Each structure stands twice: as C-alpha cells, then as structure tokens.
Protein chains: 2
Amino acid sequence: MARVGILLLNLGGPERIQDVGPFLYNLFADPEIIRLPNPILQKPLAWLISTLRSSKSQEAYRSIGGGSPLRRITEQQARELQSLLRQRGVDATSYVAMRYWHPFTESAVADIKADGIDEVVVLPLYPHFSISTSGSSFRELQRLRQMDERFEALPLRCIRSWYDHPGYVRSMAELIAEQVRASDDVEHAHIFFSAHGVPKSYVEEAGDPYQQEIEACAALIMAELETIVGHSNPHTLAYQSRVGPVEWLKPYTEEALEELGRAKTQDLVVVPISFVSEHIETLEEIDIEYRELATESGVVNFRRVRALDTYPPFISGLADLVVASLEGPEVNLDQAAELPTTVKLYPQEKWEWGWNNSSEVWNGRLAMIGFSAFLLELISGHGPLHAVGLL
Amino acid sequence: MARVGILLLNLGGPERIQDVGPFLYNLFADPEIIRLPNPILQKPLAWLISTLRSSKSQEAYRSIGGGSPLRRITEQQARELQSLLRQRGVDATSYVAMRYWHPFTESAVADIKADGIDEVVVLPLYPHFSISTSGSSFRELQRLRQMDERFEALPLRCIRSWYDHPGYVRSMAELIAEQVRASDDVEHAHIFFSAHGVPKSYVEEAGDPYQQEIEACAALIMAELETIVGHSNPHTLAYQSRVGPVEWLKPYTEEALEELGRAKTQDLVVVPISFVSEHIETLEEIDIEYRELATESGVVNFRRVRALDTYPPFISGLADLVVASLEGPEVNLDQAAELPTTVKLYPQEKWEWGWNNSSEVWNGRLAMIGFSAFLLELISGHGPLHAVGLL
C-alpha cells in the first residue's frame, strides 16, 4: 500500500513573545503579502515594519496568553486527521507546513523524505483560495520542489480550496447553531460572517477568487443552518483587518458592526469564516476589539462561534477531502495555483501566476498602492493593521 | 488513570541554512555554555560570535544536507516512546523541548497545559548529566515554572541521568557489536569512544559529574560488549569539540586518533557516546573531519557506530526509565540539577547551583578563562569550535 503524506498548509504564528518580531519580518518579506515595485526593497521594508511594530503586536499576543496557539491546534488537527485516515485504511502520515513560522515547510518536506512517503496530498487549512494564503504556500512549495530533485520527483496532489465541501459547511452550521440556540431571540439572532479582508484590487484586477468563494460559502452555510435550526436567520458578510486607505473588500467589519449596533441588534452571532483554528484574529481582534466596538455601538449580546479546531465532523470532512483527492485526478501545484483567465477590469493585461511581464506590471501597480498605504499607516500610527495587532 | 506527559529534553538544531545564525546566537547566549564575568556582555557577545561565524557553520550544515536532523529524529523517538508506553498501560503523551531551537521548551509547556496533563516525567535525551546539557535544560524549566503558576503546580518527576541503565548500555553494545563484526580482525578491532568534551574546570572546580559518568558508562558498555562478542576488545575514551587554549577533558579525540594512526590500527570502531541521535557532531565532525584525520594518520578501516535514534531496544529502555520514575520517589528539578557537595580543588568555595555569591565567584573565574579562549579563537580563526562548525 502506498504511504501517503498529508501536507497541511497554514500561516504559523509566534509562540513566544520574543518570536513576534521575526514572525512579522517573515510575513512582510513575502511578496504575496506586500507587493513592492522593486523586490530589492522587500527585506529592508519587512525589517523596518517588523522592528517598528513588534512591541505593539507583542502586546496583542500577551493579551491572549503570550503567543499564538496555531501550531498546537494545527498539530492536533494533523494527529486527528491521521488517525481517522488510518482507520479508513489509508496509510497516512500528517505533516504541518507553516508559511511564516516554525515548523516551516522545509521541515515538513525533510520529514516526508525521511519517512519514505510515496505520494503527497497537499491540503491548505484555508477553506477559500486567496493569492495571499493558499497561493503563497503553493508558491513556496513550487520553490522548494525546484531546489530539490527528490522532492520534485514525489507525486503530489493538491486540494485547491474546499469552501463548498459538505463536511466543512455542515460543521460550520452546527457550531453556529450552538450560538443561535443560546440567543435570547433564536429566530432573529443575526449571523455575522467576518472574513479576513484583502485589497479589492487583488480580486478585481488580479482575479483572486477569494471574494466569490467567501460569498458562496456563506450562502451554503446559511442554507445548512436553516435545515438545522428550522428557520431562516438574518445575516451579514463583512471583511476584517483592512490596511491603510486603499479600498478593500466591503463592507468592513467595523462599519457593519456599528450599523448593527445602531439598529440595536439584540443577538449577534459572529462567525470567523476565513480560518479554521483559533488564532490572534479570533482571540484578540474579534473577542476583544470587535466585541468592545459592537457592544459600545449598541449590540446587546455578542456571541462568537468557536473555530472548528478539532471538531470531529470537521476532521471527518477533511478525511473525505483527502480520500477524494487520492481517488480523483492528480492536481499539481500549477493547476492548484491557477487564477481565472478573465478578470473584470483590465482583461488585456491579465494577471499571470509567476514573475512574468504581465504580472510584473500588476505587482508594480498593486505595490504602489499597498506601499503608500503602509507608509501612511507607519507614519500616522493609525490604521487597521494596528487593530489586528500587526502594526 | 493519570495522564502522563513525557517531556524529552534535547539541544535542538537549525533546520534551514538561514536558521544557523539565530541558533548559534541562542547557544552562545546561554550562561551555561559561556560564562561571562558580567552577564550584560552575554547577548552582545552571542550576537558577535553568531554573526561572525554563521557562514562557516552554514557550510558544515550544508555538507550534511542543509540542516540538522535533530528535531525530526527526536520527534520520531517521542512517537515511538509514546506508543510503547501506551502499550504498557501508561496513558502517556510525549513532548519535545529543545534548548536552543524550535520546538522550544515554551511550546512543549503550552502543549502540556492544553492537553490537561496530570503529571510530567522529565527525561533528558542526554545519558550523562552535565551542567551544560541537562543542567541547562533543567534551569530553563525552573525559570518557566517560576513564571507560570499553572505549570508550577504540575507534579514533575525528573530523571537526572541514565548512563548506567541496562537498556541503554545493552543497546549501545549491540550497535557497537555490529561494527566489530564487520571488522577485518574482529578480536583486535579498537573501540574508540568519542565523548563531547567540557572544560576541565567544569569537572574539577564546579563539580560537574560528567566525566565520571562518561567513564563509568564506557566501562559498562565494554563489559556488555564482551558478553555479546565473546572477547575483550581494546578501547580508548577521548573527548571531542574542544574550544580554545584552556584545558578540556583529556585525551583529545584528535590526538588520540593520530596516535592510533601512528600505531597503524587496522580496525577502528568510533562510538559517539554523548548524544543518542545523529546530528552535526556525528554526521559532520566524526564522519567527515575525524575520518579524514584518522585515515591520513594511518588508521586502515574507520567505522562509525550509528547513533541510537529509534533503535527499538533503546526506546524500550527509555520506556523502562519512565515507568521506574513513575513508580519511584518524586525527584524535583532542584534535586535533579544538584551538584556534588565535595569538589576536588577548592572545597571552601564549593559551586552552588543558581546565582548565589559562591557560584558567582566561579562563574567569574570560569568565564575569564572561557572568554579569553573564545576571543583568541575569534581573532586567530583557529580552534576546535571551527572544527565542529560552530565557529
């Protein structure tokens, strides 16, 4: 029987206060996170931002116990998934590959080679594809494959995104139902999906399918929730963590919360939809900052749906995804990272994956916007990155 | 049944070339590794050494595949030990706590708390106690316990050293026997124990029991080897990785190898005795540098005994140690870290554990010697730290 490696991709997070600065450096040194007109500026800028802002970010991590729980939770998910797959007859071993902190992708690849794995299933722990999350990790894997013949020779099946997978949708709906049932007015509890935002230009100009997948996902979850609770609840989808003056996906979480506050919403059920594990954006941004904003604005009961973590039906859904990937056609990294060929605004200069001419043009344009926004926030000391604790 | 956490302590090692510098920084920032007269100099010196020497050390790591295999092997040991303990009816979960690299002790402690562990067995993966290895990790744990009430409240049983444990001694003898049997002249194959050295002052002035435990260990292994192969082989014990002009434990590995070369030793069987896993000191220092030195000096066949890694009788021995620790009296960190009360040279100023007056005096004295040695090596560019790839 083939020995299957399950490579779980995630962001990573600093586990000790002194790791916050180096973690921020890694994050901002990624061209998928900040696109600069000249790549030579990437590292100095990453150094500058991470140095200037690490004490502020350390404060946020201190407020959630001194570090990110992401590695621990991801490793628990990896163990549970491995056990379940073995019970289902797959000779599976799980590996965790973080993008910006330990254990890095390199470690996972070294382990996979040492364990004599025959085939790898790449499973991003991001349900929705975005250039800046799964896309960045796929590119990292491409880079490592190019540098390593043995890794390059290993058959690899990618799962691009799974926002519409029944196991995931059902699990989300079940956890939301817990909070709906705890509400004072069950039928009118307002379901508030808060997705991590991206600049609008990523979606409209670069063709990032993220927004479309988030919207479809929220609709699927709402339909599933209705079958569970037996009635249709009102809902809102908003985007958190915006950076600088450039337009990001709308509505913004802050504004949407204020509006629901003004409407004296009795029961708000906040759903972190982009990530599947507790981390700084749920434990600090939503639980502390948005809770304060919402209740000050007039929301009476602010409830947050827990992240999926190792919720058994969720892990079971991940196992289904892996089995389907093994039985289906092989999807390689290029296919998994592909962007749609038609984009809304400038079809004549479509975004292409990689460092070709056309993407360079867009890298440059996006970079000028993003870079200005960053500088403005750095100088002014105000902006959404401060809110997330990243700046 | 009590949930038992097995906390495995080890050194850690850089897994990617870009991690070599930060790893060296952590190593040299540890006062158990370099003792300075003034602690305020510790971090600048660590920064200086790690910056100056990281490219040389990177070269050594490149020669063994681009990084240390220590995390991977230690995690494999942890998994095997956990499985075996569960088979024996102990509800055990293993955790890896590295001293100088990821996964750090903090991560292991966070995992232990999250998993609701009732009791912890601390098992250093160093068979012999030394101030600079197990001692440093015990102190790190003491520091973390003082900072964390929940961790401090957790019952903790320490295993101080286990160089004389039958499972370990037997495993070592079996792996040595493999190489003896592969020798041309089985009865005269020369067993060469190469232990990691420490400054002589650590042993003679500070009372580090390391040398005594190494010597007793080598004797036990030789006796066991005789029962396996049926004859008594000649053997030598030497110490590798010396730093600077100050005297370390003798004989030095380099000199002992040259002497055996001059004696035209036909079959040399080199035994790395201090560590239980493959790492830079076995894969690079012994396999590349000492092999070259020995064969150039006249040794005909140079064979190196593989590290124990996940050798099943070794893992079984570790499981015995854990079970005995759970059944025996509780040994706390202070007891595990204790040094003998009588020391050879200056009994009136005996070394005491911690930062009390008497140890300060010794810290200062040792530091002046160690620091001068370092500076000399830094300036001259020659010395044993270069040989190990650390400088």
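In short, a report on the structure. Just so it is clear, the model here is predicted, and its values are computed rather than measured. Counting restarts for each chain, with residues numbered from 1 along the sequence as it is written. Going through the entries in the order they are written, you letter the chains from A and number the ligands from 1. The predicted nature of this model means local features are confined to residues of pLDDT at least 70 and side-chain atom pairs, given and counted, to a pLDDT of 80 or more, with totals for whole chains, interfaces and linings taken over all residues. Hydrogens and water molecules were not included; the side-chain quantities draw on all heavy atoms of the structure.

## Details of the interface of chain A and chain B
Phase 1: Opposite the 17 residues of chain A that make contact, chain B presents 17 residues.
Phase 2: Carbon and sulfur atoms make up 45% of the surface buried where chain A meets chain B, a total of about 1400 Å² over both sides.
Phase 3: By definition, the buried area sums, over both parts, the 1.4 Å-probe accessible area that each loses when the two are put together. The largest share of the area that chain A buries against chain B comes from Arg-16, Arg-72 and His-102 of chain A, three residues that together contribute 35% of it.
Phase 4: A pair is scored as a salt bridge if a Lys or Arg side-chain nitrogen falls within 4 Å of a carboxyl oxygen belonging to Asp or Glu. Run the count over chain A and chain B and you get 4 salt bridges.
Phase 5: Where Arg-71 of chain A meets Asp-111 of chain B, a salt bridge forms, and the shortest distance between an N and an O atom there is 2.8 Å.
Phase 6: What qualifies as a polar contact is a pair of N or O atoms within 3.5 Å, subject to a donor-acceptor requirement within protein and to the restriction that residues adjacent in sequence count only when both atoms come from side chains. Connecting chain A to chain B are 7 residue pairs in polar contact (both at pLDDT 80 or more).
Phase 7: Mapped onto the side of chain A that touches chain B, the elements with two or more residues apiece are helix 3 (70-87) and helix 4 (105-114) of chain A.
Phase 8: Element by element, the count of residues in the side of chain A that touches chain B is highest for helix 4 of chain A, at 5 residues.
Phase 9: Any residue outside Ala, Val, Leu, Ile, Met, Phe, Trp, Tyr, Cys, Pro, Asp, Glu, Lys and Arg is labelled polar, Gly included; the first ten of those are nonpolar and the last four are charged. Of the residues that constitute the side of chain A that touches chain B, the class distribution is 4 nonpolar, 4 polar and 9 charged. For this analysis, residues touch if any pair of their heavy atoms sits within 4.5 Å. Segments assigned H or I by DSSP are reported as helices when at least four residues long, segments assigned E as strands when at least two residues long, and all are numbered from the N terminus.

## Considering helix 4 of chain A
Phase 1: Of all 10 residues making up helix 4 of chain A, 7 are buried, and the element is well covered by its neighbours.
Phase 2: Only protein chains enter the accessibility calculation, which uses a 1.4 Å probe. A residue is then buried if its area is under 20% of the maximum for its type, exposed if over 50%, and partly exposed in between. Three or more residues of helix 4 of chain A are buried, namely Thr-105, Glu-106, Ser-107, Ala-108, Val-109, Asp-111 and Ile-112 of chain A.
Phase 3: Packed against the buried residues of helix 4 of chain A are strand 1 (4-10), strand 2 (92-98), strand 3 (119-124), helix 5 (134-147) and helix 6 (149-152) of chain A together with helix 3 (70-87) of chain B.
Phase 4: In the segment just after helix 4 of chain A, Gly-116 of chain A is the residue with positive phi, at about 65°.

## Some thoughts on the sheet that holds strand 5 (residues 190-196) of chain B
All names here are of chain B.
Phase 1: Taking strand neighbours across the sheet as the criterion, the 4 strands line up as 6-5-7-8 in an open arrangement whose pairing is parallel. Where the open sheet ends on each side, the last strands, each with one partner, are strand 6 (235-240) and strand 8 (301-304). Each strand axis lies, on average, 25° off the axis of its neighbour in the sheet, ignoring direction.
Phase 2: Pairing of strand 5 with strand 7 (residues 267-272), which is carried by 5 bridges, proceeds in the parallel orientation. Bridge pairing in strand 7 links Phe-193 to Val-271.
Phase 3: Comment: axis = line fitted to C-alpha atoms, over the contacting stretch for helices; angle = value between 0 and 180 degrees taken between N-to-C directions. Where helix 7 (residues 166-181) meets the sheet, its contacts fall on strand 5, strand 7 and strand 8, and the angle it forms with strand 7 comes to roughly 155°.
Phase 4: On top of the sheet, helix 9 (residues 210-229) reaches strand 5 and strand 6; it is set at about 155° to strand 5, its chief contact. We treat two strands as partners when DSSP finds at least two bridges between them.

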